[in-house]
Every structure is written in structure tokens, then in C-alpha cells.
Amino acid sequence: MSRTFQEVERDAVHLPAKDREILAERLIRSLKNEPLTEVEEAWVREAERRFSAWRKGSRAGVPQKQAFKRIRKELGW
């Protein structure tokens, strides 16, 4: 009998932090050969567009502290 996603997740979140970190790294590594979804491809294109604009000087960067502050505000943190 195979375990369900919910069972695996429930057990995984109770692992010690270091074990969760190792598990997360292994899971991410296992996705390397998976094709990107349409949404992921769109984000890659957007990131490349923004980076290109920044390199050309047509778009200014945002300081890290300000960027995270804005993100936290939008997430309601």
C-alpha cells in the first residue's frame, strides 16, 4: 500500500530541521529534468526581461531591504 501525499507531508514536517533541509534539497534536485510549466516559463521570460532592462540601465534596481519590505506588506506580514 502506497502512502498518500498528506501522510508523507505530515511526517516530513515533524522531522528535525536539518533532515527537512536535506529532504527539500533532494526533492528539488529530483525536479531538474522535469520540463517547466507554462507559468514557470513565463516567469523565466519575465525575469530575463527585467534583468536585461536593468543591465541596459533602462530600469533601476530596488534595494533588498525595500524589496522585502514591499513583499511582506503585499503578503500581509
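Sequence order as written defines residue numbering, which begins from 1 separately in each chain. Under the rules for a predicted model, residues below a pLDDT of 70 receive no local features and side-chain atom pairs below 80 are neither given nor counted, while totals for whole chains, interfaces and linings still include all residues. The basis for every side-chain value is the complete set of heavy atoms in the structure, and neither hydrogens nor water enter the calculation.

### Notes on the overall build of the protein
Stage number 1. Only DSSP runs of H or I covering at least 4 residues are called helices, and only runs of E covering at least 2 are called strands; the numbering of each starts at the N terminus. Looking only at helices and strands, the protein features 4 helices and 0 strands.
Stage number 2. Listing every helix and strand of the protein by position from the N terminus yields α-α-α-α.
Stage number 3. Every radius of gyration here is taken over C-alpha atoms, with the globule rule written as 2.2 Å times N^0.38, N being the number of residues. Its C-alpha atoms give the protein a radius of gyration of 18 Å, more than 25% over the compact-globule value 11 Å for 77 residues.
Stage number 4. By principal-axis analysis of the C-alpha atoms, the protein measures approximately 55 × 30 × 20 Å.
Stage number 5. Residue-level accessible areas treat just the shown protein chains as cover; the underlying method is Shrake-Rupley with a 1.4 Å probe. When the accessible surface of the protein is split by element, carbon and sulfur atoms take 57% of a total near 7800 Å².
Stage number 6. The centroid of the 18 positive side-chain charges in the protein is displaced by 11 Å from the centroid of its 13 negative side-chain charges. A positive count includes Lys and Arg, and a negative count includes Asp and Glu. His and the chain ends are not counted in either. By convention, the point assigned to a charge is CZ for Arg, NZ for Lys, CD for Glu and CG for Asp.

### A look at the packing of aromatic side chains
Stage number 1. Stacked, tilted and edge-to-face are the three classes applied to pairs of Phe, Tyr and Trp rings, where Trp contributes its six-membered ring and a pair requires centres within 6.5 Å; stacked means planes under 30 degrees apart, edge-to-face means over 60, and tilted covers the rest. The tally for this structure, following the rule as stated, stands at 1 aromatic pair.
Stage number 2. For the ring pair Phe 51 and Trp 54, a centre distance of 5.8 Å and an interplane angle of 25° mean the geometry is stacked. In this pair, Phe 51 and Trp 54 are both assigned in helix H3 (residues 38-56), 3 residues apart and thus about one turn of the helix distant.

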